[in-house]
Amino acid sequence: MADLTYIPVDIVERFMMDVFRGLGVPEEDARICTDVLIASDLRGIESHGIGRLKYYYDRITAGIQFTKTEIEIIKETETTALLDGHHGMGQVIAYRAMRLAMGKARQYGLGAVAVRNSTHFGIAGYYPLMAAREGMMGLTVTNARPAIAPTFGSEPMLGTNPIAFAAPSDMDFPFCFDGATSICQRGKIEVAARVGKPVPEGWVIDAEGNPATDAAKILEDLGRDQAALLPLGGAGELFAGYKGYDLATMVEILSASLCGGVFMKDLLGFAPDGSRRPHMLGHFFLAIDIEHFLPLEVSKRITGDIMRALQASRKAVGHDRIYVAGEKEHEMEAIVRQQGVPVNESLRRELQVMRDALHIAGYESYF
């Protein structure tokens, strides 16, 4: 693409730090937020890296997300905890919640933490990867503002509600699945809208249940309940779309019913009088300390054997390689570190807006 430029990773990291600090996020918290976002860019997930920075900027400046994160422990046991994030920075809330779960798992084998009144926390996969790096398995789910229609429906009721799981292996990278329970996440549509591209037919339906492909219009219609993402499996039952719908519902339950949080339409970010308010998201984190079951090296070998067996299985005609979850992202990191983070013209304008509004100097040669 002609307007695509690549910005060195360290410059992107520094700029995001400057933006978060300029907005009033404390230094340590700004570092956590930046690390979550740059991890997305490094893994090739353009929708949740620097491309999502303006999203947080807008919510903070609108007063519906707070830069000072005050986490309250509502209830705690040896293996569980319930936290209230009080609408602070979602990345900070999630990071500390997973750390708490991991600490409990280290002592008791399992640690589970439920969170209410949080905000968007970036890629879900970041948090189970925290556990995998320390010899644990991790699971993270979160609800989100409504986007998915239930099977046989056309109204957005459930969020894209990702499920993320990671396990250490004896390969060069851990197994890491991180996926929305819709066919695509809202972020991919935002990326398509930035570059003026349509989305594939079968991702989204309009209010009558017909296919929708105009990315910019889809984003507008999602905000008016006039479009909806389809669950994994697609429309109807032929390709098991009900499985994606039920998985999204499972995530909604884990993200609301354990923390006493709100759900579905109450996550839209609007009060009954139409004024904006925090989105009040819920999350759930689970950490499993493998050593409480069997030696870590044994578990890592078994996980690696599973991954290698899948990679070595018979290839379909026209394909010479089978990937396992986390492999493409692992390889992408080396590429991004070498060539930089891709930034298109639309995103560049967003970065300029934040740069100028916060009076951040030193980036004029990049955007």
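Note: the structure precedes this text.
Residues numbered from 1 in each chain as written. Predicted model: local features only at pLDDT ≥ 70, side-chain atom pairs only at ≥ 80, totals over all residues. Heavy atoms only, no water.

**Regarding the packing of aromatic side chains**
Step number 1: Summed over all chains, the structure comprises ten aromatic pairs.
Step number 2: Considering the side-chain rings of Tyr127 and Phe285, the 6.0 Å spacing of their centres and the 80° angle between planes classify their relative orientation as edge-to-face. Within this pair, whereas Tyr127 is found in helix H5 (residues 126–133), its partner Phe285 is found in strand S11 (residues 281–289), the two being separated by 158 residues in sequence.
Step number 3: Using a relative accessible area of 0% as the deciding quantity, one classes Phe285 as buried.
Step number 4: Of the aromatic side chains, those joined through ring pairs into one cluster are Phe121, Tyr126, Tyr127 and Phe285.
Step number 5: Across the ring face of Tyr323, the terminal group of Lys328 is positioned such that the distance to the ring centre comes to 4.7 Å. (Phe/Tyr/Trp six-rings, centres within 6.5 Å; stacked < 30°, edge-to-face > 60°. Helix = DSSP H or I, 4+ residues; strand = E, 2+ residues; numbered from the N terminus. Buried < 20%, exposed > 50% of the residue type's maximum accessible area, 1.4 Å probe, protein only. Lys NZ or Arg CZ within 6 Å of the ring centre and 35° of its normal.)

**Description of unusual backbone geometry**
Step number 1: Its identity is not glycine, yet Asn117 carries a phi of approximately 55°, on the positive side.
Step number 2: Tracing the backbone through its elements, the reader meets Asn117 in strand S4 (residues 110–118).
Step number 3: Phi is positive for Asn161, which is not a glycine, with a value near 40°.
Step number 4: You can see Asn161 is positioned in the loop between strand S5 (136–142) and strand S6 (163–167).

**Topic: the nonpolar core**
Step number 1: Counting 34 residues, the largest nonpolar core has Phe15, Phe20, Ile50, Leu53 and Leu351 as the members making the most contacts within it.
Step number 2: Of all the secondary-structure elements, those providing two or more residues to this core are helix H1 (9–22), helix H2 (27–42), helix H3 (53–61), strand S12 (341–343) and helix H11 (345–357).
Step number 3: With eight residues, the top contributor of residues to this core is H1.
Step number 4: Residues contacting Phe20, with those up to four places away along its chain left out, are Val25, Ala30, Cys33, Thr34, Leu37, Leu53, Tyr56 and Met89.
Step number 5: Ranked by size, the runner-up nonpolar core spans 24 residues in total, among them Val36, Ala81, Ala101 and Ala164. (Core = buried A, V, L, I, M, F, W, Y, C linked by side-chain atoms within 4.5 Å. Contact = heavy atoms within 4.5 Å.)

**A few points about the layout of surface pockets**
Think of a ball as big as a water molecule: rolled over the atoms, this probe shows where empty space is left.
Step number 1: If you add up the space inside the second largest pocket, you get close to 600 Å³.
Step number 2: Taken together, 22 residues form the lining of the second largest pocket, with Tyr55, Arg59, Arg145, Arg186 and Glu190 sitting closest to its centre.
Step number 3: At the level of elements, H3, helix H6 (186–194) and helix H7 (215–222) are the ones that each hand at least two residues to the lining of the second largest pocket.
Step number 4: Residue composition of the lining of the second largest pocket, by class: six nonpolar, four polar and twelve charged. (1 Å grid on protein atoms, 1.4 Å probe; cavity = no way out; pocket = protein on both sides within 12 Å on 5 of 7 lines; lining within 4 Å. Points joined across faces, edges and corners; volume = space filled by probe spheres on them. Nonpolar A, V, L, I, M, F, W, Y, C, P; charged D, E, K, R; others polar.)

**As for the pairing of S11**
Side-chain positions along a regular strand alternate between the two faces of the sheet.
Step number 1: Taken across its nine residues, S11 has seven buried, putting it largely inside the fold.
Step number 2: Here seven bridges tie S4 to S11, and the two strands are oriented antiparallel to one another. When the bridges of S11 are listed, Ala112 appears paired with Leu286. (Pairing = 2+ DSSP bridges.)

**Comments concerning the sheet that holds strand S3 (residues 80–84)**
Step number 1: The seven strands lie next to each other as S2-S3-S4-S11-S5-S6-S7, forming an open sheet whose pairing is mixed. Sheet topology places strand S2 (72–76) and strand S7 (175–179) at the edges, where each strand pairs with a single neighbour. The mean angle between the axes of side-by-side strands here comes to 15°, regardless of whether they run parallel or antiparallel.
Step number 2: Bridge analysis of S5 against S6 gives four bridges, and the strand direction is antiparallel. (Axes fitted to C-alpha atoms, helices over the stretch in contact; angles between N-to-C directions.)

**Re the packing of H2 against helix H4 (residues 90–108)**
Step number 1: Here H2 crosses H4 at 90°, and the two axes come no closer than 8 Å. Between H2 and H4, the angle falls in the class roughly perpendicular. Listed contacts from H4 to Glu28, Asp29, Ile32, Cys33, Val36 and Leu37 of H2 are Gln91, Val92, Tyr95 and Arg96.
Step number 2: Split by residue class, the contact of H2 with H4 holds six nonpolar, one polar and three charged. (Parallel < 35°, antiparallel > 145°, perpendicular 65-115°, else oblique.)

**Observations concerning the environment of Thr34**
Step number 1: Within the secondary structure, Thr34 sits in helix H2.
Step number 2: You can call Thr34 buried: its relative accessible area is 0%.
Step number 3: Sequence separation of Thr34 and Glu329 is 295 residues, and the distance between their C-alpha atoms is 18 Å.
Step number 4: In contact with Thr34, other than residues within four places in its own chain, are Glu13, Met16, Met17 and Phe20.

**Here we look at the pairing of S2**
Step number 1: As defined by bridge partners, S2 adjoins S3 across four bridges and the pair is classed as antiparallel. Counted as the bridge partner of Glu72 is Asp84 from S3.
Step number 2: Counted between consecutive antiparallel strands, the loop separating S2 from S3 contains three residues.

**Quick notes on the state of the cysteines**
Step number 1: Using the criterion set out here, one finds zero disulfides in the structure.
Step number 2: Cysteine Cys176 remains unbridged, with the sulfur of Cys184 as its closest cysteine sulfur at 19 Å.
Step number 3: For Cys184, a relative accessible area of 1% corresponds to the buried category. (Disulfide = S-S within 2.5 Å.)

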